[in-house]
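Structural description and commentary
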Amino acid sequence: MASTQSGATGRNSSSKFANAGAAAGGFVGAMGGSFVPPVNVTINRTTNNGAGTGQGGRRSQFILGEPEFNNTDDVRNYCNHLRALMIQAAIELAMAAKILEARLGQSLPLPGENKIQTKMRAKKVAWKLKRASDGATAAAKNAVATYAAFQREYADLMRPRPQQTASTNPFKF
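Definitions and cut-offs
Residues numbered from 1 in each chain as written. Predicted model: local features only at pLDDT ≥ 70, side-chain atom pairs only at ≥ 80, totals over all residues. Heavy atoms only, no water. Helix = DSSP H or I, 4+ residues; strand = E, 2+ residues; numbered from the N terminus. Buried < 20%, exposed > 50% of the residue type's maximum accessible area, 1.4 Å probe, protein only. Contact = heavy atoms within 4.5 Å. Areas by Shrake-Rupley, 256 points an atom, 1.4 Å probe, with all protein chains shown as cover. Axes fitted to C-alpha atoms, helices over the stretch in contact; angles between N-to-C directions. Parallel < 35°, antiparallel > 145°, perpendicular 65-115°, else oblique. Nonpolar A, V, L, I, M, F, W, Y, C, P; charged D, E, K, R; others polar. Phe/Tyr/Trp six-rings, centres within 6.5 Å; stacked < 30°, edge-to-face > 60°. Expected span 1.5 Å × (residues − 1). Polar contact = N/O pair within 3.5 Å; in protein donor to acceptor, adjacent residues only side chain to side chain.

Structural notes on the overall build of the protein
Along the backbone of the protein there are four helices and zero strands. Going residue by residue from the N terminus, the α and β elements of the protein occur as α-α-α-α. In the protein, which comprises 173 residues, the proportion classed as buried is 12%. Considering only contacts in the protein between residues 6 or more positions apart, those separated by 24 or more positions represent 52%. Carbon and sulfur atoms make up 59% of the accessible area of the protein, which totals about 13800 Å².

What follows is the structure in structure tokens.
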């Protein structure tokens, strides 16, 4: 009985440690499941009050909403939203280009090709995404330049002054 008990004790001692490990793992798992880091959620909502929304519930086909340039604020808001969208797109495209280049650079070389040639091919492919990023950056710059040109060219109209009779849909500054 003593020999079986010592054998069982040996087995039980190893299973005790296994059970203790499982218990510790369960405790850590339980703690990990209950630990919630602070998370901030930002929601950007664009409301389009244009004529396109009132027609049978149709939504605008435009990402930035229907361009309604009825007053100075409309021009400024459209240019600011365009700039913000293009900057975000430029950042995402630049990051995607770097990630693509890194992933393709880690691929197996073709037969008769060395590692440097593999990295050069990866750089050549990712370069196209980098160019797309540069284009989005240029679009953001041109959105800012559009509003600056609008201010420069229509500054005299933006100042309050006596107006002539208004048309049916006048441009309001």
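Moving on, there is more to tell.
Here we look at the packing of helix α2 (residues 72-105) against helix α3 (residues 115-153)
One can describe the packing of α2 onto α3 by two numbers: an axis separation of 8 Å at closest approach and a directional angle of 175 degrees. With respect to their mutual orientation, α2 and α3 come out roughly antiparallel. Within the contact of α2 with α3, the residues separate by chemical class into 25 nonpolar, six polar and seven charged.

Notes on the packing of aromatic side chains
The tally for this structure, following the rule as stated, stands at three aromatic pairs. Taking the centre distance of 5.3 Å and the plane angle of 85 degrees together, the rings of Phe69 and Tyr78 count as edge-to-face. Each member of the aromatic cluster is reached from another via a ring pair, and the members are Tyr147, Phe150 and Tyr154.

Let's talk about α2
Over its 34 residues, α2 runs 49 Å from end to end, which matches the ideal 50 Å to within 8%, given 1.5 Å per residue. What α2 keeps buried is the set Thr72, Val75, Cys79, Met86, Ala90, Ala97 and Gly105. Along its buried surface, α2 packs onto α3 and α4 (155-158). Two or three places before Asp73, at the start of α2, stands the capping residue Asn71, its side-chain oxygen 3.2 Å from that residue's backbone nitrogen.

Observations regarding the side chain of Ser133
Tracing the sequence through the fold places Ser133 in helix α3. The exposure class of Ser133 is buried, given its relative accessible area of 4%. Setting aside anything within four residues of it in sequence, one finds Ser133 in contact with Ala90, Leu93 and Ala94.

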